[in-house]
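One-letter residues, chain by chain:
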Amino acid sequence: MKASSPRRAVIRADAGPGIGGGHVCRCLALAAELRATGWEVAFASAAASPATVPALASWPHLILDGPPESEPAMLARRWTEGCDLLVIDHYHRDAGFERACRPWARRILALDDAPGRPHDADLLLDPAPNRTPGDYAEWVPAGCRCLLGPDHVLLRPEFDRWRTWRRTIPPRARRLLVTIGQADPLGLSARLLPLLAAPARSGFEARLVVGGAFPPLPAPPPSPSLTLLYGIDDMAALMAWADLALIAAGGTCWEACRLGLPLLALTVADNQADNAAVLAASGAGRVLGTPAMLDDETLLAALTDLAGDAPARAAMAASGRKLIDGAGRARVVAALEEAE
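In this report, the structure presented in the accompanying data block is examined. (Residues numbered from 1 in each chain as written. Predicted model: local features only at pLDDT ≥ 70, side-chain atom pairs only at ≥ 80, totals over all residues. Heavy atoms only, no water.)

On to the overall build of the chain, then. Secondary structure assignment for the chain yields 13 helices and 13 strands. In terms of overall size, the chain behaves like a compact globule, its C-alpha atoms giving a radius of gyration of 20 Å where 340 residues would be expected to give roughly 20 Å. Its C-alpha atoms give the chain principal-axis dimensions of about 65 × 40 × 40 Å. Counting across all 340 residues of the chain, residues that qualify as buried make up 54%. With the model as given, the accessible surface of the chain reaches about 14100 Å², and the carbon-plus-sulfur share is 56%. A distance of 5 Å separates the average location of the 34 positive side-chain charges in the chain from that of its 38 negative side-chain charges. (Helix = DSSP H or I, 4+ residues; strand = E, 2+ residues; numbered from the N terminus. Rg over C-alpha atoms; globule rule 2.2 N^0.38 Å. Buried < 20%, exposed > 50% of the residue type's maximum accessible area, 1.4 Å probe, protein only. Areas by Shrake-Rupley, 256 points an atom, 1.4 Å probe, with all protein chains shown as cover. Lys, Arg positive; Asp, Glu negative; His and termini not counted. Charge placed at Lys NZ, Arg CZ, Asp CG, Glu CD.)

Here we come to the sheet that holds strand β4 (residues 85–89). The parallel open sheet is built from seven strands, whose spatial order is β3-β2-β1-β4-β5-β6-β7. The two strands at the open ends of the sheet, each matched to only one other strand, are β3 (61–64) and β7 (145–148). On average, each strand axis in the sheet is inclined to that of its neighbour by 15°, with strand direction left out of account. One ladder, built from five bridges, connects strand β1 (residues 8–13) with strand β2 (residues 40–46); its direction is parallel. Paired with Ile11 across the two strands is Phe43, which belongs to β2. Across the sheet, helix α13 (residues 328–338) touches β4, β5 (108–111), β6 (123–126) and β7, and the angle it forms with β7 is around 170°. (Pairing = 2+ DSSP bridges. Axes fitted to C-alpha atoms, helices over the stretch in contact; angles between N-to-C directions. Contact = heavy atoms within 4.5 Å.)

Turning our eyes to something else, we now look at the side chain of Arg167. Position of Arg167 relative to the elements: it lies in the loop between β7 and β8 (175–179). Here the side chain of Arg167 touches Met239 through a polar contact of 2.8 Å, landing on its backbone oxygen. From its side chain, Arg167 meets the backbone oxygen of Ala242 in a polar contact 2.5 Å long. Apart from the residues lying within four places of it in its own chain, the contact partners of Arg167 are Met239, Ala240, Ala242, Asp243, Leu259, Gly260, Leu261 and Pro262. (Polar contact = N/O pair within 3.5 Å; in protein donor to acceptor, adjacent residues only side chain to side chain.)

Take Arg93: it is sitting in the loop between β4 and α4 (95–100). Residue class for Arg93 comes out buried when judged on its relative accessible area of 7%. Here Arg93 is in contact with Arg12, Pro68, Glu71, Ile88, Glu98 and Arg117, once residues within four sequence places are set aside.

Let us look at the packing of helix α1 (residues 22–36) against α13. One way to put it is that α1 packs onto α13 with a least axis distance of 9 Å and a crossing angle of 60°. Considered as vectors, α1 and α13 are oriented oblique to each other. Every pair of crossing elements has a handedness; the one defined by α1 and α13 is right-handed. When α1 is examined against α13, the residues Ala29, Leu30, Glu33 and Leu34 are found in contact with a partner set consisting of Arg329, Ala330, Val332, Val333 and Leu336. A breakdown of the residues in the contact of α1 with α13 according to their chemical character gives seven nonpolar, no polar and two charged. (Parallel < 35°, antiparallel > 145°, perpendicular 65-115°, else oblique. Left-handed = near helix turned anticlockwise from the far one by under 90°. Nonpolar A, V, L, I, M, F, W, Y, C, P; charged D, E, K, R; others polar.)

Within α13, the full set of buried residues consists of Gly328, Arg329, Val332, Val333, Ala335 and Leu336. Considered in projection along α13, the buried side chains sweep an arc of 155° and stay on one side of the axis. Looking at the packing, one finds that the buried side of α13 touches α1, β4, β5, β6 and β7. (Arc of directions from axis to C-beta.)

Shown next as C-alpha cells:
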C-alpha cells in the first residue's frame, strides 16, 4: 500500500527594515512545530526577508518579486499540486488575497495583531491578551475559528528546554540585555552605545543584540561593559543570562515574559502599543513609551531604579511567567489538526 504524502503548509510572511522580523520569526516557530508533527513546510516572502531573518534561508522558500495581486498566481505555479494549509502573516494581505488563494489552498490560517482587516480564513490567530471572539466578529466569515490570547503565543523552540527553569532575582540587577528586534528604524541602538559603553555611568554589564535589518552602527567606544551580538540563534540562553532587559514591545517581549525576565518596554512601532498596555496592566513590565519621549538621563534613571528594586523585579518575573506558559505552538497545531 502506498504511503500517503506529508501534508503541505505554505507560509506567506515578510521581514525587512521597515517592518522588522516579528512576522517571520513567529511563523518560523509555527513552522518548526508543524515539521515536528510531520508536515512539509515552505515559505514565500519578499527578497529582503532572508537577509533580515537569516534563519529563514534554511527553509524551502519562494522569493516573490511582483505586485501583491500577482502573488496568488505565483504561489499556484510554484506549488501546482496545492497545499493543505496556507498561513498568511502580513498586514497588507486581507480577504481579497485570501479569497484569490482559495482554489489552491485547502485551508487558510490568518495571523493578525488587531481587528480591523477583513479575512476570508478558516482559522485566525491573534495572541494579544484580552482579545475576544467579538473583536473579530465583523472581520471573519461565519465558521472561522479564532485562536486568541497569550495561550497561543508562538515562542521559538529554543525556549522549550527552559520550561522548568526558575530565575534567581539578585539584590541588584547588573546584567542588562538590550534588544530592539530585527530592525531599528529609529536608530535607538546607535544612540545607546555611548551610554552602555560607560560602566561608571550605567552600572551594567550590557549585551546589545544587533538585528539583521539594523542601520549601520558606529563603532562603540572600547569598553569591557558592552558586547554587541550579531546573528543570535539562542535568545533564550541570553535572556536567562540577563537580570534585566530594555526591549521593544514586539513579539520578543513575550519570550522575555516566559523566562521571567524583568523588563522595561519601548514602543518602536505603532502595532506595539497593545502589547505595551498588556505588559503594564499585568505587571510583567514597565512601559517607557517611544524613544522620542526619552532623553538619555530619563532612560538611565528608569533602568537604575528597576535595577535596585528586587521586589519589583521578582513581581515582574512571576507576572511574566503567569502570562506566557510557553505551550502556544502546540495548541495552535492541535487546533489545526482538530479543524481538518
